[in-house]
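Chain by chain, the residues run as shown.
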Amino acid sequence: MKEPGDKAGSSILLQALDGHVPKRTPIWMMRQAGRYLPEYREVREKAGDFLTLCYTPEHAVEVTLQPIRRFGFDAAILFSDILVVPHALGCPLTFEAGEGPRLQPVTDADDLKALRDDLDPSKIDRVLETVSRVRAELPGETALLGFCGAPWTVATYMVAGRGTPDQAPARLAALINPDFFEALIDRLVEASVGYLVGQLRAGADAVQIFDTWSGVLDPESFRRWSIQPIKRIVDGVRAQVPGARIIAFPKGATLAGLTELVLRTGVNGVGLDWTAERRATRLALGGRCALQGNLDPLALIAGGDALDRGIDALMEDFHGAAHIFNLGHGIRPETPITHVERMVAKVRGF
């Protein structure tokens, strides 16, 4: 791993993604703009519904910037949702209060033919406007992250029409009708490449691919439905944006799966959930990419000594590595703001 320096510019997060060890550990949180913040809840109420919040640049810019103003994180992440992609492909989408997303299920070739071949500009252009406006308002040292959902994870919601405990509907579809499922993945790969390229060209400094449900796959299926599509996205994005910085977050992946994903895709960073064995992961991957994570979100809710111990152990395990401090999954709505403040101060104190 490279020594500290400024070769990646003023952003310490980009330094880590470029293989340098920053002079201090960059920090951001997945879902850092969200319901735990009263200022977010005010904008959410003003917007009226979640999709309006995502597609209204004025609102989306505001909630993207709120955690930067409050906590001074080293990266802002675009406020949007992974299901914007199927929605922009023509899949009807709603968000039910307390129940999560609802989509019109896509379960066969006829359903897939009914979708668009490309992303609806009337939706995507609003997201890209948010990206450009956020970048214009952020200080230079604060990185801006774009994102998309990995094809496997997005497909699980499209097939079932909602989230399920183990995403069995998508797993069955892949087993029973692999031709249809592969065609669905292909459509999502192509759409995701265009979506991420648009974000990078609009001002995002790096992008993250969220494979939230990769942990339900067996090793062979993980290679086919998680690693291969992510590799195709990485290759497709870099063909149009050479040198694009990309983070993969395959939640629930084994160390073997993480290692294979990094080696085959060439991502700049890999996100680790809170179950990852940090020292083994660092030994396997610490010289190949930045390691991001992986505080248990419940430790952040617990606060106090439990939070301090979790941070101390994490920082010790990653000391001297290209490390981006983050949670092992998104921050929960019930998290006390004072605990986030304590976490930031403690990480910054190392």
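Computed from a predicted structure; not experimentally measured.

## As for the UniProt feature "domain: Uroporphyrinogen decarboxylase (URO-D)" (unreviewed entry) in the protein
- Here, the residues flagged by UniProt with the feature "domain: Uroporphyrinogen decarboxylase (URO-D)" (unreviewed entry) are residues 26-35 and 145-161.
- In residues 26-35, the share of helix is 0% and the share of strand is 0%. The end C-alpha atoms are 23 Å apart.

## Considering the nonpolar core
- In this structure, F181, V340 and M343 are the most contacted members of the largest nonpolar core, which totals 126 residues.
- No other element matches helix α10 (residues 178-202), which puts 12 residues into this core.
- Sequence-distant contacts of V340, defined by excluding residues within four places in its chain, comprise M29, Y36, F71, F73, L300, I331 and T335.

## Describing the packing of aromatic side chains
- In this structure the tally under the stated criterion is nine aromatic pairs.
- With a centroid separation of 5.8 Å and 70° between ring planes, the pair formed by F50 and F79 is classed as edge-to-face. One end of the pair, F50, is in helix α3 (residues 50-55); the other, F79, is in the loop between β1 (75-77) and α5 (84-88), with 29 residues separating them in the sequence. Side by side, F50 and F79 carry an identical accessibility label, which is buried.
- On the basis of an interplanar angle of 85° and a centroid distance of 4.9 Å, the ring pair of F181 and W225 is categorised as edge-to-face. Of this pair, F181 sits in helix α10 while W225 sits in helix α11 (residues 219-240), and the two are 44 residues apart along the sequence. Of the two residues, F181 and W225, both sit in the buried class.
- Grouping aromatic residues by their ring pairs yields a cluster made of Y40, F50, F79 and F95.

## Comments concerning a nonpolar patch on the surface
- A contiguous nonpolar surface patch, about 360 Å² in accessible area, is contributed by L172, L175 and I176.
- With respect to the element layout, I176 can be found in helix α9 (residues 168-176).
- For I176, a relative accessible area of 67% corresponds to the exposed category.

## A few points about the sheet that holds strand β4 (residues 143-149)
- Strand order in the open sheet formed by seven strands is β1-β4-β5-β6-β7-β8-β9, with parallel pairing between adjacent strands. At either margin of the open sheet sits one strand with a lone partner, and together these are β1 and β9 (323-327). The average angle at which neighbouring strand axes cross in this sheet is 25°, direction not considered.
- Alignment of strand β6 (residues 246-250) against strand β7 (residues 269-271), held across two bridges, turns out to be parallel. Among the inter-strand pairings, A248 is bridged to a residue of β7, identified as V270.
- On the sheet, α10 packs against β4 and β5 (206-211) and is oriented at approximately 170° with respect to β4.
- Here helix α15 (residues 304-317) sits on the sheet and contacts β8 (290-295) and β9; the angle it forms with β8, its principal contact strand, is near 160°.

Cut-offs used in this document
Residues numbered from 1 in each chain as written. Predicted model: local features only at pLDDT ≥ 70, side-chain atom pairs only at ≥ 80, totals over all residues. Heavy atoms only, no water. UniProt positions renumbered as here; feature names shortened; annotations may be inferred. Helix = DSSP H or I, 4+ residues; strand = E, 2+ residues; numbered from the N terminus. Core = buried A, V, L, I, M, F, W, Y, C linked by side-chain atoms within 4.5 Å. Buried < 20%, exposed > 50% of the residue type's maximum accessible area, 1.4 Å probe, protein only. Contact = heavy atoms within 4.5 Å. Phe/Tyr/Trp six-rings, centres within 6.5 Å; stacked < 30°, edge-to-face > 60°. Patch = residues over 30% accessible without salt bridge, like charges linked within 9 Å, V, L, I, M, F, W, Y side chains within 5 Å. Areas by Shrake-Rupley, 256 points an atom, 1.4 Å probe, with all protein chains shown as cover. Salt bridge = Lys/Arg side-chain N within 4 Å of Asp/Glu carboxyl O. Pairing = 2+ DSSP bridges. Axes fitted to C-alpha atoms, helices over the stretch in contact; angles between N-to-C directions.

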